[in-house]
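Descriptive structure summary
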Amino acid sequence: MTRFFLTTAIDYVNSRPHLGTAYEKITADVIARYKRLCGVDTYFLMGNDEHSQNVFRKAAEEGLSPLAYCDRMEQEFRDTWRHLNLSFDDFIRTTQPRHKAGVTALAKRIYDAGDIYEGVYEGWYCVGCEAFKQEKDLVDGKCPLHLTTPQWIKEKNYFFRLAKYQQPLLDHFAAHPEFLQPAMRRNEILRLLEGGLEDISVSRAGQAWGIPLPFDAASVVYVWFDALINYASAVGLGSDQQMFDRWWPADLHIIGKDITRFHAVIWPAMLMSAGVALPRQVFGHGFITFNGQRMSKSLGTAIDPFEAASRFGPDPLRLYLVKEIAFGGDGDFSWTRYDERYNVDLANNLGNLVSRVTAMADRYRQGRLLPTGAGSDRLVRLGEQVAADYRHSMDAYALHEGAAAAYRLIDGTNEFIAATSPWALAKDPGAADRLTQVLFDAAEAIRLAAVLLTPIMPTASAEILRRVGGSSDGLCLDRDGRWRNNGERGLVQEGSLWPRKEQTIVTDNPTPPPSTQHPAPSISEAATPRISIDDFMKVELRVAKVLAAERVPKSRRLIKVQVDVGTEQRTLVAGIAEAYEPEALVGRSVVIVFNLQPATLMGIESNGMVLAASPDGGKPTLVSFEDPPPPGTRVR
RNA sequence: GCCGGAGUAGCUCAGUUGGUGAGAGCACGCGUCUCAUAAGCGCGGGGUCGGCGGUUCGAAUCCGCCCUCCGGCACCA
């Protein structure tokens, strides 16, 4: 294989990228750079997913046309990616003409294959639940929650015959065990496939923001169907056959583990139907947490990759994410750990190693080194072993092991210097040749390690190569990734590559962004349409005192509370069990929505709603009073 | 409750298809060199590999049950 087509998931443009998104792109970039280092003609694709209703709404909230909003977000994404030194060859947007051409072409092929049928999305619809109900969910033909007979609803829709591809997909998984990685994800999907598939809806009626179906312009392609096709449309499906022939099929889709099903089931089925070759491999990477917590904007646990890369530059961040996290598994990021790894891996080991070797070369040999004999057996063997291990690991996308291999050589070189003590040799006139060779060996080991680290730390590696007298132009692993014991080297001694960071000045406590730049709530609040006082007065808020509370059986969130609202007692159900024990609620005064339509939750009728602040991804906090007024008091 | 993931040294984690007395980094203690960014190198302490059973000549690794933590789903009026 002389060419390699690599993709990452395209990103929703609802918000700016966080470190988790950046992680995916960085690992993909490392793979792309590794392939290029191997002399493989590489096409690395990234992009944005713009046809979502959320985007449409968000743009409207900000008073922008959807496209103008997407243009702006593209700049934000590109700025971030540039800051991380990502070497993508192409950046696709799903609003581009080439993508529309690709979607149209693929949809038509699937349609012509007879795998898209016009149907009605029909089923029992419970008005109370605002949801479709499966036959099996009904009890005596009635909604078990509302005890009402649901309506039979029909909605025009187009379906893709996904179910038809159950067996072909199973066959494909059997024939290509490498198709989905890591293995655990494959097992999950196999179990899902064995359980059978259902046809899926691929269109939405009555929406303008999207790509019209080629066979029915009144409907647009459903966003997922649309998005997946980007991988093919970017390389010319439906617009540039020559390019498509050159790059398709994709060699590797790097995606997050949460969207494995789309890439390992729906996407290959679509391609099978259209008679297009399947991608060779899908790799589902893990998630990055911040101090063990899921990244969330409102909790202050979303790390801005821009900020992280600004701390020491992009290379240290890239090294951290690649070396410290087993690729495929989940990983954690914290500022203290980031600083620690920076000091250990970069300042103490690699950076200091470059300093000591260039300093000695300068001091003892005026920076000129020419081999005087054979290289150190031990170090040469280590270098060659490391280079081989590195290749095996990187070829298997065990990126963390590839980084570790390079570091074994760095550590080994520090040990080598301690063992050979060049400063002692320098005092012995009879050891002149020996000293030259020792320094040459050390410089060569650094050169080799820098070559291996090039995909991970492109800028720093080039700088190291310059300092130890190696070239960084047009690197080729076959040629430059092996031990050399020839040629004069000119070493240059300059300032520290990575000065030690003596103290941590950033905190790892979740820090919600300062209110001045708190984009999440402030923007959405400002953007929400204002309501009149009359609208608000429709909502009747009242003080209620909790008389009794108990956990709803088999529920994780729900607590059933009996409250006194002044004029009567009521039963309501509140989703606060994760934050409150029922006993702790009794006697408390809370605020409820008094005039809310009743609803049935887990079989219990709730007459009202208990107010609580509900942070995104956090636990609710009840609205309470310093000095509780009597039950029934109106709140306004 | 259902479905996943995880539980290995004080901390963060590696441990390919079960097999040499269980590892790395950080932190800690001791020693040592002086070329270097108070960095490097060497030695050391410290672990019932969540618990209990089972398969096996042999299990951190496979199987069963249980405990704990974290996600996702169902309820979130």
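Source: prediction; values computed, not measured.

1. Regarding the sheet that holds strand 10 (residues 203–205)
The strand order across the open sheet formed by three strands is 10-12-11, and the pairing between neighbours is antiparallel. Where the open sheet ends on each side, the last strands, each with one partner, are strand 10 and strand 11 (212–213). Here strand 10 runs beside strand 12 (residues 216–221); their pairing, made up of three bridges, is antiparallel. Bridging from a neighbouring strand, alanine 205 pairs with serine 219 of strand 12.

2. Digging into the domain arrangement of chain A
Split by domain assignment, chain A resolves into domain 1 (334–490) and domain 2 (533–635). A C-alpha centroid distance of 66 Å is found between domain 1 and domain 2.

3. With respect to the packing of helix 2 (residues 53–61) against helix 3 (residues 66–83)
Helix packing geometry: the angle between the two helix axes and the distance between the axes. Put simply, helix 2 and helix 3 touch, their axes get as near as 8 Å, and they point 95 degrees apart. As summarised for this structure, helix 2 and helix 3 are arranged roughly perpendicular, according to the angle between their axes. Here Val55, Phe56, Lys58 and Ala59 of helix 2 come into contact with helix 3, specifically with Pro66, Tyr69 and Cys70. Residues of the contact of helix 2 with helix 3, tallied by class, amount to six nonpolar, no polar and one charged.

4. Quick notes on the protein's contact with RNA strand B
In the neighbourhood of RNA strand B, 44 residues make up the surrounding shell, with Arg341, Asn352, Arg356, Trp498 and Leu601 lying closest. Counting only the atoms of RNA strand B within 4 Å of the protein, the fraction contributed by sugar and phosphate is 67%. With respect to RNA strand B, the backbone of arginine 500 contributes an N or O atom lying 3.1 Å from a base oxygen. At 3.2 Å, a backbone N or O of glycine 575 approaches a phosphate oxygen of RNA strand B. Sorting the residues of the surface near RNA strand B by element identifies helix 6 (183–194), helix 13 (335–365), helix 15 (399–420), strand 21 (569–574) and strand 23 (599–601) as the ones contributing at least two each. No other element matches the 15 residues that helix 13 contributes to the surface near RNA strand B. When the residues that make up the surface near RNA strand B are grouped by side-chain class, the tally is 19 nonpolar, 11 polar and 14 charged.

5. Considering the nonpolar core
Of all hydrophobic cores here, the largest spans 100 residues; its most connected members are Leu19, Leu317, Phe333 and Leu350. Sorting elements by how many residues they give to this core places helix 17 (residues 432–453) first, with 14 residues. Ignoring sequence-local partners within four residues, the contact set of leucine 350 consists of Asp345, Tyr407, Ile410, Leu453, Met457, Ile464 and Trp498. Counting 54 residues, the second-largest nonpolar core is a separate cluster that includes Ile116, Phe225, Tyr231 and Trp247.

6. Concerning the packing of helix 17 against helix 18 (residues 458–467)
Helix 18 packs onto helix 17 with a crossing angle of 160 degrees between their chain directions and a minimal axis gap of 8 Å. In terms of their interaxial angle, helix 17 and helix 18 are classed as roughly antiparallel. Judged by the sense of rotation from one axis to the other, the crossing of helix 17 with helix 18 is left-handed. Judged by residue contacts, Ile446, Arg447, Ala450, Val451 and Leu453 of helix 17 engage Ser461, Ile464 and Leu465 from helix 18. Of the residues in the contact of helix 17 with helix 18, the class split is six nonpolar, one polar and one charged.

About the cut-offs
In every chain, residue numbers begin from 1 and rise along the written sequence. For naming, the first written chain is A and the first written ligand is 1, with later ones following in the order written. Given that the model is predicted, a residue must reach a pLDDT of at least 70 before its local features are reported, and side-chain atom pairs must reach 80 or more before they are shown or counted; all residues, however, enter totals for whole chains, interfaces and linings. For side-chain calculations, the full set of non-hydrogen atoms in the structure is used, while hydrogens and water are omitted. A pair of strands is considered paired only if DSSP assigns at least 2 bridges between the two. Numbering of helices and strands runs from the N terminus; a helix is a DSSP stretch of H or I covering at least four residues, while a strand is a stretch of E covering at least two. These domain boundaries are the output of an automatic or database domain assignment. Here an axis means a line fitted to C-alpha atoms, over the contact stretch when the element is a helix, while the angle between two N-to-C directions is reported on a 0 to 180 degree scale. Throughout this description, any angle smaller than 35 degrees is read as roughly parallel, any larger than 145 degrees as roughly antiparallel, any in the 65 to 115 degree range as roughly perpendicular, and the remainder as oblique. Any pair of residues with heavy atoms lying within 4.5 Å of one another is described as a contacting pair. Gly is put with the polar residues, along with every residue not named as nonpolar or charged; the nonpolar set is Ala, Val, Leu, Ile, Met, Phe, Trp, Tyr, Cys and Pro, and the charged set is Asp, Glu, Lys and Arg. Each residue is tested against the molecule or strand, and it is near if at least one of its non-hydrogen atoms lies within 4 Å. Any pair of nitrogen or oxygen atoms within 3.5 Å is treated as a polar contact; in protein, a donor-acceptor pairing is required on top of that, and neighbouring residues in sequence qualify only through side-chain atoms on both sides. Here, nonpolar core means buried Ala, Val, Leu, Ile, Met, Phe, Trp, Tyr and Cys residues that are tied together by side-chain atoms lying within 4.5 Å of each other. A 1.4 Å probe rolled over the protein chains alone gives each residue an accessible area, and that area as a share of the maximum for its type sets the label: buried under 20%, exposed over 50%, partly exposed in between. Handedness of each helix crossing follows the sense of rotation of the near helix against the far helix: counterclockwise by less than a right angle gives left-handed, clockwise gives right-handed.

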